[in-house]
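Descriptive structure summary
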Amino acid sequence: MYFDSLSAALSMDGHGAYVWSAYAISLLVLALLVRAPLRRQRAFLRQLAGEQKRLRQGPTAKTEVN
Amino acid sequence: MTMWSFFHKLGSPPWLYRISGKILQWLLPITVVLLAVGAIWGLLYAPADFRQGNSYRIIYFHVPASVVALAGYYIMATAGAVSLIWKMKMADVAMKACAPIGAALTFIALVTGSIWGKPTWGTWWVWDARITSMLILLFLYLGVVALYEAYDNKEAAGKACAVLSLVGMVNIPIIYKSVDWWYSLHQPASIKFTGESTIDPSMLYPLLWMIVTFYALFTCCLLMNMRAELLEREARTNWVKKLALENRS
């Protein structure tokens, strides 16, 4: 490691706040970027599966009520 | 496999969905490892810069994000041109998938640049040619995202976005040349393909590592965005319905 101690790595001679926040913001944006399509896809497939199920059960459920 | 059958398959949504799933299974975990190693390398193991001290470590996100944000624009505009000229639907899907990724990368480039600017130049922001042209790049990407949503007719939306991204190509050489054409606070490129790079190998290797990482990340996000889009466009087809039911169980 380049730094002698953990506190030296955190402070980075006064530049720590800049460097660490730049890394944290970047990683956060990247994480959101990766998560968005995965969530979108999961939500869509779940919704479609629900519709399929309703379509299949729809007519039988109605006849039972009548 | 001949060239033609490859292109034919490339236009087939279920094939692309399946093959991209297989690629992502490997590429996504590899990218996460690349990113973790690169970030730790840049943060803790690369030496400090003799003039800028430790603040220069921001380069390991700033430069790769900027490089791939620009490369992503080429990909988006090329996909837009292909969809305009040959009416290839997959190109339209790819173009739409590029826009939010490019916007996120440009945002990272601007924010990390701003944070880097404070200890180095003493200011968060200047209306300098490089920075302003990158801000325009962000607006171009966001413009494509917004324009797509603005139309109900998705075919018309695709055409409008393709035209916007092609017109926006004007901005790309301006970004590249901005540090040479105008007096700028922004430093010129340290990595050169012709001639000696002005950066030490101990700093260059983690930087190259991170550039590769960001390209891998772009590929992952592009494929994932395309997959999500493909499913929604193909919602009425049997392969998607089957997939939804399989996914449930």
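In this text, all values refer to a predicted model and were calculated from it rather than measured experimentally.

**A look at the confidence of the model for chain B**
Across chain B, the average pLDDT comes to 91, with 96% of residues at 70 or higher. Quick note on the complex model: pTM equals 0.91, ipTM equals 0.91.

**A few points about the environment of Met134(B)**
All names here are of chain B. For Met134, the location among the structural elements is in helix H5 (residues 129–150). Met134 gets classed as buried once you count the C-beta atoms within 10 Å, which come to 23. In the structure, Met134 is positioned 115 residues away from Ile19 in sequence and 34 Å away in space, judged by C-alpha atoms. Apart from residues no more than four positions distant in its own chain, Met134 is found in contact with Thr106, Ala109, Leu110 and Ile175.

**Describing the interface of chain B and chain A**
With 41 residues of chain B at the interface, the matching set in chain A holds 27 residues. Elements with a minimum of two residues in the side of chain B that touches chain A: helix H2 (13–45), helix H3 (59–86), helix H4 (89–121), helix H8 (201–233) and helix H9 (238–248) of chain B. Considering each element in turn, the side of chain B that touches chain A owes the most residues, 10 residues, to H4(B). Residue classes in the side of chain B that touches chain A are distributed as 29 nonpolar, six polar and six charged.

**Re the nonpolar core**
Formed by 68 residues in total, the largest nonpolar core has its most connected members in Ile58(B), Ala94(B), Cys98(B) and Leu222(B). Taken together, the elements giving at least two residues each to this core come down to helix H2 (16–65) of chain A together with H2, H3, H4, H5, helix H6 (154–167), H8 and H9 of chain B. At 18 residues, the largest contribution of residues to this core is made by H4(B). Sequence-distant contacts of Ile58(B), that is, excluding residues within four places in its chain, are made with Tyr18(A), Val19(A), Ala22(A), Thr112(B), Ile115(B) and Trp116(B).

**Re unusual backbone geometry**
Residues and elements named next belong to chain A. Positive phi, close to 50°, is recorded for Met12, a residue that is not glycine. Of note in this structure, Asp13 is not a glycine but carries a positive phi near 55°. Within the secondary structure, Asp13 sits in the loop between helix H1 (6–11) and H2.

Calculation notes
Going along each chain's sequence as written, the residues are numbered from 1 onward. Both sets of labels track the order of writing: A upward for chains, 1 upward for ligands. With the structure being a predicted model, the display of local features is reserved for residues of pLDDT at least 70 and the display and counting of side-chain atom pairs for 80 or more, all residues being used for whole-chain, interface and lining totals. Summary of the metric used: pLDDT quantifies the predictor's per-residue confidence within the range 0 to 100. By the criteria applied, helices consist of DSSP H or I runs no shorter than four residues and strands consist of E runs no shorter than two, each listed in order from the N terminus. Partly exposed residues are those falling between the two cut-offs: more than 12 but fewer than 20 other C-beta atoms within 10 Å of their own, whereas 20 or more means buried and 12 or fewer means exposed, with C-beta atoms placed from the backbone. We call two residues in contact whenever the C-beta atoms placed from their backbones are within 7 Å. Three classes are used, and their members are as follows: Ala, Val, Leu, Ile, Met, Phe, Trp, Tyr, Cys and Pro are nonpolar, Asp, Glu, Lys and Arg are charged, and the others, Gly among them, are polar. Each nonpolar core reported here comprises buried Ala, Val, Leu, Ile, Met, Phe, Trp, Tyr and Cys residues connected via C-beta atoms within 7 Å.

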